Amino acid sequence: MKSKMFKTVTTSLAVMFLLAGCGSNKTADTKESSKSSESSTEVTTGASEKGYTDPKEMKDEYDIIIVGAGGAGMAAAIEAKNDGKNPVIFEKMPVAGGNTLKSSSGMNASETKFQKEEGIEDSNDKFFEETLKGGHGTNDQELLRFYVDNSADAIDWLDSMGIKLNNLTITGGMSEKRTHRPEDGSAVGGYLVDGLTKNVFEKEIPLFVNADVTEITEKDGQVTGVKVNVEGTEKEVKSKAVVVTTGGYGANPKMLEAEKPELKGYVTTNSDGSTGDGIKMIEKLGGQTVDMDQIQIHPTVQQDKGILIGEAVRGEGGILVSQEGKRFVNEMDTRDNVSAAENALKEKSSYLIFDSGVKERVKAIDFYEKQGFVTKADSVEVLAKELKMDEKTLQETVDTWNKAVADKKDTEFKRETGMDNGLDGKEFYAIKIAPGIHYTMGGVKINTKTEVLDKDGKAIPGLFAAGEVTGGLHGENRIGGNSVGDIIVFGRESGKQSAAFVK
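Below, the structure is looked at part by part. The structure displayed is predicted, hence computed values, not measured ones.

1. Examining the pairing of strand 16 (residues 428-440)
Next, step 1: The buried count for strand 16 comes to 12 of 13 residues, which makes it a mostly enclosed element.
Next, step 2: The pairing of strand 11 (residues 295-302) with strand 16 spans 5 bridges and is antiparallel. When the bridges of strand 16 are listed, Q296 appears paired with Y439.
Next, step 3: Pairing analysis gives 4 bridges linking strand 15 (residues 374-377) to strand 16, with the strands arranged antiparallel. By the bridge assignment for strand 16, T375 is matched with A430.

2. Observations regarding unusual backbone geometry
Next, step 1: The backbone of D220 shows a phi angle near 55°, a positive value even though the residue is not glycine.
Next, step 2: Looking at the element boundaries, D220 is found in the loop between strand 7 (211-219) and strand 8 (222-230).
Next, step 3: Positive phi values are uncommon outside glycine, yet T450 reaches one of about 65°.
Next, step 4: With respect to the helices, strands and loops of the structure, T450 is situated in the loop between strand 17 (443-444) and strand 18 (451-453).

3. Some words on the sheet that holds strand 5 (residues 179-181)
Next, step 1: An order of 3-5-4 is seen for the 3 strands of this open sheet, with the pairing classed as antiparallel. Two strands close off the open sheet at either side, each with one partner strand: strand 3 (107-108) and strand 4 (167-169).
Next, step 2: The pairing of strand 3 with strand 5 spans 2 bridges and is classified as antiparallel. Counterpart to N108 in the pairing with strand 5 is T179.

4. Digging into the packing of aromatic side chains
Next, step 1: Enumeration over the complete set of coordinates arrives at 7 aromatic pairs.
Next, step 2: For the pair Y52 and F201, a centre-to-centre distance of 5.9 Å together with 75° between the ring planes defines the contact as edge-to-face. Note that Y52 is positioned in the loop between helix 2 (37-50) and strand 1 (61-67) and F201 in helix 7 (residues 188-202), a separation of 149 residues in sequence.
Next, step 3: Among the residues examined, Y52 registers a relative accessible area of 7% and is labelled buried.
Next, step 4: Overall, F201 belongs to the buried group, its relative accessible area being 18%.
Next, step 5: Measuring from ring centre to ring centre gives 6.2 Å for F367 and Y368, while their planes differ by 65°; the resulting arrangement is edge-to-face.

Definitions and cut-offs
- Residues numbered from 1 in each chain as written.
- Predicted model: local features only at pLDDT ≥ 70, side-chain atom pairs only at ≥ 80, totals over all residues.
- Heavy atoms only, no water.
- Buried < 20%, exposed > 50% of the residue type's maximum accessible area, 1.4 Å probe, protein only.
- Helix = DSSP H or I, 4+ residues; strand = E, 2+ residues; numbered from the N terminus.
- Pairing = 2+ DSSP bridges.
- Phe/Tyr/Trp six-rings, centres within 6.5 Å; stacked < 30°, edge-to-face > 60°.

Here it is, written out as structure tokens:
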């Protein structure tokens, strides 16, 4: 009963937080540190009930300070605690989760036990090569090799803590079903945050929210702790190591536009906390950054609220059509290519078309429907009318697609994956989407031990980083499902390595 109550409260808070960060026509937030007082008070009240640590309990020193309570930060804390250390997590927002809460499609991993159970013949080498191709050959290959080789163990680690990702689907740029989702096919983000937070609390790891780290302190080149603002008061907390897991800068317009001015005005899918704080603090310590101009645009973003429509909808058989009712791209191509094709359309937007079968296989669609994003009809013709499309054209498009699925050959756009099921259900649906800022591939440079490197390529003693705050792993284009794998694989490693450092 206790775990069920925990999940209900956590999920409710997660949804509240996610929606609070998704205002009408949301563009990258202009505030560097966004904490609206009203929603903050509301959520914090619930948060204290759910187990976040009382600020009065904050100590002057911990073995390891983890900055950021997304997936990477919580994974780091759990591993550090497993190693017998005394870690603490500081989160500037009122709720733990960060961008992890918004993750939808799943977690990519190869050679997993769940793939083997389904008879999927995958390999780490194939995963490596397809990710490298998706990143246009620019990925940090040492980081990528470490990631793919440790991805299956990360799935097992989550499973050992009651976080089971045994429902498999596929994302763009991949040839195998290696995107692992919760058993019921729901969005991975809330489920993952629920499970990690539960384990953090069970292990009695202190997790402070509304705790804004403003500086990483150091002496003689050695990290010594942080300065953190809690309830309007700055406090210096010492530690033997600091792990930075603050995410990227997808909600910071100044940083985005400095790298790519053409992105001004784009909707962002990022949480309000993704303002690049960790990157800036690490740069002040002499940390090196890489790929800062590599910013991913996602092709399927609902524009009014800045909500990403997960890639699993296409992976389970959905198609993209223009206002003319025609397909215009291989929907399972990499995100950069699909976004470019969409931007080439007259309207610079399109419709994601799917049926009741896809809706049954992708539980996240229930959330989209509750938000009012989904148009529903009893037939393709009626759907076309609702979308002000030519009925005959859309019907021909769906018929052609269904024939391609039956023949296992898409002669129009050479799509080869996500073709297990045609669009022939009892109801048909559409969501209007367009590209939006989704992910920042650039960040601080780390090695496979998650040590932060300075401009000479040397590790900064006591400083570690993991997740979207880092750069290099994804190169010029991230494959859908790889960010969740990134935060778990490297989050765990940062916890292990920081624990080893403080011995």
